[in-house]
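Commentary on secondary and tertiary structure
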Amino acid sequence: MGTITTKLLGSKAVAALTSPHGVDRYLEMFNPMWAATEVRARVVSIHRENPDAVGSAPVATLTLQPTSTWRGHRAGQYVQVGVELPGSARRMTRCFSISSAASLPGERITLTIRANDEGQVSKFLVNAQPGQMLHLSQAEGEFTLHESAATPTNNHLVMISGGSGITPVMAQIRTLLRDGYDGRANRKVTFIHFARSEQDQIFAEELAAVAEGDNHIDVHLHYGDATFSEFELRRLVPDFKNTDTWACGPGGLIELIRAAYGEENPRLRVEFFKPPAFSTGAAGGDVSFTRSGESAENTGATLLEQAEALGLKPEFGCRMGICFSCVKTKTDGTVRNVLTGEESSLPDEEVRICVTSPVGDCSIDL
Amino acid sequence: MSNTLTTKNGKPRATVAASDPKIPNLTPEQLEEFGDELDAIRQRILADLGEEDAAYIRKIVKRQQQFEIAGRALFYLPPAWPLAVAALSVSKILENMEIGHNVMHGQYDWMGDPKLNSRIYDWDTMAPGENWKYGHNYIHHTYTNILGKDRDIGYGILRMDEDQKWRPYYLGNPLYAFLLMIFFEEGVALHDLEVDRIKTGERTWEETKKVGKPIIRKVRKQVLKDYVLFPALTGPFFLSTLAGNAVANIVRNIWSFNIIFCGHFPAGVATFTEEECENETRGHWYYRQLLGSANITGGKLFHIMSGNLSHQIEHHLFPDIPARRYPEAAVEVRALCEKYGIEYNTGGLTKQLWTVARKILRLSLPTRTRNTDPAPAAPADADLVAA
Ligand code: FES
């Protein structure tokens, strides 16, 4: 849709006519790519990044055409992707970093996704077919470059990534090279990456080209057991503690980097993925109420009772699972529905805390 | 509760308060077993939810939108005015009942679709979803038919139970009921204000303001849409569109009023006192829901148009299960009722409506004799076959 149509459909008058449901509910009926506020995207193509990798999860880059409501993104941001998995009709939403260079409103983007064993959504996406519709959020996240690639500076930038953490960093490198004068970054960039193996390295050809090119970017790739060492970093960037740094990767890597930079170093920006919490299958463990910062040993009682025992006052109504007044988001861990006995370990799941008790460690946004 | 009686053949029988049929006539053990059996039905259906349920509700939404668009468009063709009104009425009924009411109950929350999520959805009526969910999902569904707690008994306007003390005001019962039917939408919106409780001082002005602001906002939006913008869009037909929208809203009001009043007020439906329900078990809660609700028989289309509230009994037992599953649950619930000798209150729309109307008329006058309604519980001499 053109921008004028989008503006018109997003207008107050149209909202008043379609109140209380909003215009998108009607537009979607005619064409899934029509939207006034919501963002959706069509999968245009899928490219397998590591066809030869043995023993490691497949990785694919999906090119997406968002609806005209997409406001664009800055390099380093991520997006929430919602899909209804076949056979379940349940929409699952997960975050994925955008791997393409910064986009303008309505422009195509790419997501590079590793099909984790436990990740139903990532598996589905890696095997998706062109034409598949996805629900998107607007771009989110503060893991972004604060300077414009088009303006040369003397600043030195450091980028460190591990495994799939290369995705947002790649978006930044791509943006620097695309927008920088003469295909160069126009500032010194040191890029250090850790991957399991050479076969497992995604974007390998592009990385080789970046490493070779005269573009102000130094690429250092490490394979296998090599882990981050402060010593090595100091050799490359003596004054790294005072150098703007972006680090993205698994929790362990980020811990090492944080230790090297010192706590609360404003020069260091990190983004990391949590290892999935595995339940012990028994009561015990800790329950944390993340919003209020309270946590305690899991007594096995319902989340509502445990929260109240800690002095929290979550909203509730019937206390028997029928009114949905008490719904909260469980961000992590396993819970059991005390009415049905059903256990669930899905991340970011909405639960009725009056009829839900934790099994082992569990975090609730409350 | 009261004493446990024994049947002729020596089996433990109902706990019965001789004169009061409202008190559960099952032993605590039976109640527990009864509760477990209902839980099992519930669990089986929950485990089975999936693509079909999702496809169903999406199809209903789509149909509703088609009716809505058709209705709005037909107002441009003055001779098609009755058709336009009919289409818009159908759309509003579908939206309020099978979609709005059920979605706001959280029946489709498991789908993870924000457009069908109970916390996000708001329906096409003047009652803001936020207020209604509190009064309905929490108060009405938890304290169903408990006098003094369930504010849906008479909506604070009508006398719908003998135990509501008669006052001369209630001479107007039939008139108030008629007005409530015509202005049901406005009534439901104002219901949450609990005006009657402000008078008695049970509710403060602060609380009232918190509930009142969203009502004003919502009413404004609904009025703007149905009585200003859409009429204006049809230009020279402004007045006929306005009238058409008003009629559609009223048709919807009359329909939902009747369906809802048949859910809790036909003859044979029990009410309870707060004492009876103190420290209530889950089994007893189920039992109360059963005795406090009534079904309406009808065809598939009728069930859809009533938002499956024609299965009020199943809805009250399983308020968070997608309503399209109530007919299948009903088969099992009925069998359970037979097993425990509990009356399963059901009947055709005319029969149920007739008894509701009679009740409204009768209760407009002071009550002379108690319990003129047939007893809701099993007749006293019926044998109870347990297990
Ligand atoms: S308090 Fe009613 S569902 Fe939890």
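For clarity, every value in this text was computed on a predicted model and none was experimentally measured. (Residues numbered from 1 in each chain as written. Chains lettered and ligands numbered in written order. Predicted model: local features only at pLDDT ≥ 70, side-chain atom pairs only at ≥ 80, totals over all residues. Heavy atoms only, no water.)

1. Considering the overall build of chain A
Secondary structure assignment for chain A yields 9 helices and 17 strands. Against the compact-globule benchmark of 21 Å for 366 residues, chain A has a radius of gyration of 23 Å, which places it among compact chains. Across its three principal axes, chain A shows a C-alpha extent of roughly 65 × 50 × 40 Å. The burial tally for chain A puts 52% of its 366 residues in the buried class. Considering only contacts within chain A whose residues lie at least 6 apart along the sequence, 65% involve residues at least 24 apart. Carbon together with sulfur atoms contributes 51% to the accessible area of chain A, which is approximately 16800 Å² in total. Across chain A, the centroid of the 34 positively charged side chains sits 5 Å from that of the 44 negatively charged ones. (Helix = DSSP H or I, 4+ residues; strand = E, 2+ residues; numbered from the N terminus. Rg over C-alpha atoms; globule rule 2.2 N^0.38 Å. Buried < 20%, exposed > 50% of the residue type's maximum accessible area, 1.4 Å probe, protein only. Contact = heavy atoms within 4.5 Å. Areas by Shrake-Rupley, 256 points an atom, 1.4 Å probe, with all protein chains shown as cover. Lys, Arg positive; Asp, Glu negative; His and termini not counted. Charge placed at Lys NZ, Arg CZ, Asp CG, Glu CD.)

2. As for the environment of S89(B)
Residue and element names in this part refer to chain B. Its place among the elements puts S89 in helix α3 (residues 81-104). Considered as a pair, S89 and I250 are 161 residues apart in the sequence and their alpha carbons are 8.4 Å apart. Other than its neighbours up to four places away in sequence, S89 contacts A248 and V251. One polar contact links the side chain of S89 to the main-chain carbonyl oxygen of V85, over a distance of 2.6 Å. (Polar contact = N/O pair within 3.5 Å; in protein donor to acceptor, adjacent residues only side chain to side chain.)

3. So, the interface of chain B and chain A
Taken together, the contacts link 48 residues of chain B with 33 residues of chain A. When the buried surface of chain B facing chain A is broken down by residue, Q65(B), K115(B) and R119(B) rank first, second and third, together holding 18% of it. Our count for the chain B to chain A interface comes out at 6 salt bridges. Residue R352(A) is joined to D320(B) by a salt bridge in which the shortest nitrogen-to-oxygen separation is 2.7 Å. For the pair chain B and chain A, the number of links is 11 residue pairs in polar contact (both at pLDDT 80 or more). Mapped onto the side of chain B that touches chain A, the elements with two or more residues apiece are α1 (28-48), α2 (51-74), α3, α4 (129-142), α8 (205-233) and α10 (282-291) of chain B. The element best represented in the side of chain B that touches chain A is α2(B), accounting for 10 residues. Of the residues assigned to the side of chain B that touches chain A, the class counts are 17 nonpolar, 14 polar and 17 charged. (Buried area = accessible area lost by both parts, 1.4 Å probe. Salt bridge = Lys/Arg side-chain N within 4 Å of Asp/Glu carboxyl O. Nonpolar A, V, L, I, M, F, W, Y, C, P; charged D, E, K, R; others polar.)

4. Some remarks on empty space enclosed by the protein
Residue and element names in this part refer to chain B. Considering all chains together, one arrives at 5 cavities of 30 Å³ or more under this definition. When its volume is computed, the largest cavity comes out at roughly 410 Å³. Lining the largest cavity are 27 residues, and of these W123, W132, F184, V188 and I260 sit closest to its centre. For the lining of the largest cavity, the elements supplying multiple residues, two or more each, are α3, α4, α6 (184-191), α9 (238-264) and α12 (312-317). The residue makeup of the lining of the largest cavity, split by class, is 10 nonpolar, 13 polar and 4 charged. Its boundaries defined by the atoms lining it, the second largest cavity holds a volume of some 60 Å³. The wall of the second largest cavity is formed by G135, I139, H140, D150, R151, D152, H191, D192 and E194. A per-class count over the lining of the second largest cavity returns 1 nonpolar, 3 polar and 5 charged. (1 Å grid on protein atoms, 1.4 Å probe; cavity = no way out; pocket = protein on both sides within 12 Å on 5 of 7 lines; lining within 4 Å. Points joined across faces, edges and corners; volume = space filled by probe spheres on them.)

5. As for the domain arrangement of chain A
Put simply, an interface is often sized by how much accessible area is lost when its parts join up. Domains assigned within chain A are domain 1 (38-136), domain 2 (156-271) and domain 3 (286-364). Averaged C-alpha coordinates put domain 1 of chain A and domain 3 of chain A at centres separated by 31 Å. (Domains from an automatic or database assignment.)

6. Points about the nonpolar core
Ranked by internal contacts, the top residues of the largest apolar core, which has 84 residues, are F34(B), L38(B), F261(B), F318(B) and V333(B). Among the elements that line this core, the one with the most residues is helix α13 (residues 326-340) of chain B, at 7 residues. (Core = buried A, V, L, I, M, F, W, Y, C linked by side-chain atoms within 4.5 Å.)

7. Details of the environment of G317(A)
As for its position among the elements, G317(A) is in the loop between α9 (303-309) and β14 (327-337). Each C-alpha atom of the pair G317(A) and C354(A) lies 9.1 Å from the other, and the pair is 37 residues apart in sequence. Look past the residues within four positions of G317(A) in its chain and what remains in contact with it is C323(A), S325(A) and Y138(B).

8. Things to note about α13(B)
Residues and elements named next belong to chain B. When the terminal C-alpha atoms of α13 are compared, their 20 Å separation across 15 residues agrees well with the 21 Å that a helix rising 1.5 Å per residue should span. Within the sequence span of α13, burial applies to Y326, A329, A330, V333, L336, C337 and Y340. Residues of α13 that are buried sit in contact with α1, α10 and α12. With its phi angle positive at about 65 degrees, G341 sits one or two positions after the end of α13. (Expected span 1.5 Å × (residues − 1).)

9. Some thoughts on the pattern of salt bridges
Pairing is possible between side chains that carry opposite charge, provided their charged atoms lie close to one another. Within the structure shown, the criterion is met by 48 salt bridges over all chains. The residue K115(B) makes a salt bridge to E28(A) at a minimum N-O spacing of 3.0 Å. Of this pair, K115(B) sits in the loop between α3 and α4 while E28(A) sits in helix α3 (residues 24-30), on two different chains. Looking at E28(A), the relative accessible area reads 27%, which means it is partly exposed. The partner of D182(A) in a salt bridge is R184(A), with the nearest N and O atoms 2.8 Å apart. The exposure class of R184(A) is partly exposed, given its relative accessible area of 23%. Residues participating in the shared-partner salt-bridge network are R44(B), D48(B), E52(B), D53(B), R324(B), R325(B), E328(B) and E332(B).

10. Section: the packing of aromatic side chains
On inspection of all chains with the given rule, the structure shows 17 aromatic pairs over all chains. Where F30(A) meets W34(A), the ring centres are 6.5 Å apart and the plane angle is 40 degrees; that geometry is what we call tilted. W34(A) gets classed as partly exposed once you look at its relative accessible area, which sits at 33%. With 5.6 Å between their ring centres and 90 degrees between their planes, F184(B) and F257(B) make a pair best called edge-to-face. Residue F184(B) is found in helix α6, and its partner F257(B) is found in helix α9; the two are separated by 73 residues along the sequence. Taken individually, F184(B) and F257(B) each receive the classification buried, so the pair is uniform in this respect. Here the aromatic cluster, defined as three or more aromatic residues joined through ring pairs, consists of Y155(B), F184(B), F257(B), F261(B) and F265(B). In this arrangement the basic side chain of R319(A) is found over the ring face of F316(A), its NZ or CZ atom lying 4.5 Å from the centre. (Phe/Tyr/Trp six-rings, centres within 6.5 Å; stacked < 30°, edge-to-face > 60°. Lys NZ or Arg CZ within 6 Å of the ring centre and 35° of its normal.)

11. Some thoughts on the packing of α9(B) against helix α14 (residues 349-362) of chain B
Two quantities define a packed helix pair, namely the angle between the axes and the distance from one axis to the other. Residues and elements named next belong to chain B. Interaxial distance between α9 and α14 falls to 9 Å at its minimum, and their mutual angle equals 75 degrees. In terms of orientation, α9 and α14 fall into the roughly perpendicular class. For the pair α9 and α14, contact is made by N258, F261 and C262 and by L349, Q352, L353 and V356, respectively. The residue inventory of the contact of α9 with α14, partitioned by class, reads 5 nonpolar, 2 polar and no charged. (Axes fitted to C-alpha atoms, helices over the stretch in contact; angles between N-to-C directions. Parallel < 35°, antiparallel > 145°, perpendicular 65-115°, else oblique.)

12. So, a positive patch on the surface
All names here are of chain B. On the surface, a cluster of positive charge is made up of K59, K62, R63 and K300. In terms of residues, the positive patch owes the most to one element, α2, which gives 3 residues. As for its placement among the helices and strands, K59 is situated in helix α2. (Patch = residues over 30% accessible without salt bridge, like charges linked within 9 Å, V, L, I, M, F, W, Y side chains within 5 Å.)

13. Some words on the pairing of β14(A)
Residue and element names in this part refer to chain A. The element β14 is largely enclosed, with a buried count of 8 among its 11 residues. Bridge count for β14 against strand β17 (residues 356-365) is 8 bridges, and the pairing is antiparallel. Counterpart to T329 in the pairing with β17 is D365. From the end of β14 to the start of strand β15 (residues 343-344), which pair antiparallel, there are 5 residues, and G341 there has a positive phi angle of about 75 degrees. (Pairing = 2+ DSSP bridges.)

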